[in-house]
Amino acid sequence: MYNKKRKRRHMFVDPKVQGALVARVVLYAVVCFITISMMLLCWRILTGPARMFHTHFDDMWFFYGPALVASVILLPLVIVDIIRLSNRFAGPMLRLRRAMRELARGEKVAPIKFRDGDFWQDFADDFNALLTRVQSESAVGQQEADQQEEPVGAGT
């Protein structure tokens, strides 16, 4: 009774959605760095002794540069985490979209099941209920078409 977990082979499955999320994370990080830097600069100018403007940047780099470097080092980890998290909703939607396209082309579609931990598990249940109904109606329609093709007065 070996139950092998289905592992994800690809994390970046929907470039449009996941790429937008990554771009948004990078944008937020840049805006955050700029905002904090400007706030610290204004604070130093208002509360510190009068000195040349460029000396504030030297002091800020000395005192806050390590925090900035650490934040930049952590940014790729945050991006990877966002990609992994977004895979839990982008992956299921990709699979659902693929199954819907196959069904629309009239192909045989197997019921779908999302992985444990994926978001929107209810979508799979709803799709499977719809799939069962469409396939049963298709089978009934095919039987009726087959019955109409039989010759009515074949013995006369």
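Residue positions within a chain follow its written sequence, with the count starting from 1. The predicted nature of this model means local features are confined to residues of pLDDT at least 70 and side-chain atom pairs, given and counted, to a pLDDT of 80 or more, with totals for whole chains, interfaces and linings taken over all residues. Hydrogens and water are ignored here; the side-chain numbers use all heavy atoms of the structure.

Below, the discussion takes up the overall build of the chain. Looking only at helices and strands, the chain features three helices and zero strands. Working definition: helices are DSSP H or I runs of at least four residues, strands are E runs of at least two. Numbering for both runs from the N terminus. For the chain, the α and β elements follow one another from N to C terminus as α-α-α. Each residue gets one of three labels from its accessible area relative to the maximum for its type: buried under 20%, exposed over 50%, partly exposed in between, using a 1.4 Å probe on protein chains only. When burial is assessed residue by residue, the chain has 19% of its 156 residues classed as buried. By definition, residues are in contact when any of their heavy atoms lie within 4.5 Å. Sequence-distant contacts, at least 24 apart, represent 58% of the contacts inside the chain between residues at least 6 apart.

For the rest of this paragraph, the subject is the packing of aromatic side chains. In this scheme Phe, Tyr and Trp rings, the latter by its six-membered ring, pair at centre separations within 6.5 Å, and the angle between planes marks the pair as stacked below 30 degrees, edge-to-face above 60, and tilted otherwise. Scanning the entire structure with this criterion turns up six aromatic pairs. Taking the centre distance of 5.2 Å and the plane angle of 85° together, the rings of phenylalanine 53 and phenylalanine 57 count as edge-to-face. Of this pair, phenylalanine 53 and phenylalanine 57 both sit in helix α2 (residues 53–104), four residues apart, roughly one helical turn. For phenylalanine 57, a relative accessible area of 41% translates into the label partly exposed.

Turning to the nonpolar core, a few remarks are in order. Of all hydrophobic cores here, the largest spans nine residues; its members are Leu96, Ala99, Leu103, Val109, Ile112, Phe114, Ala124, Phe127 and Leu131. We define the nonpolar core as a collection of buried residues of types Ala, Val, Leu, Ile, Met, Phe, Trp, Tyr and Cys that are connected through side-chain atoms lying within 4.5 Å of one another. One finds Ala29, Leu75, Ile79 and Ile83 within the second-largest nonpolar core, a separate group that totals six residues.

This part covers the pattern of salt bridges. Note on definitions: salt bridges are taken to be side-chain nitrogens of Lys or Arg within 4 Å of carboxyl oxygens of Asp or Glu. In total, this model carries four salt bridges according to the counting rule given. Salt-bridge contacts for arginine 51 lead to aspartate 59; the nearest nitrogen and oxygen are separated by 2.2 Å. Judged by its relative accessible area of 23%, aspartate 59 is partly exposed.

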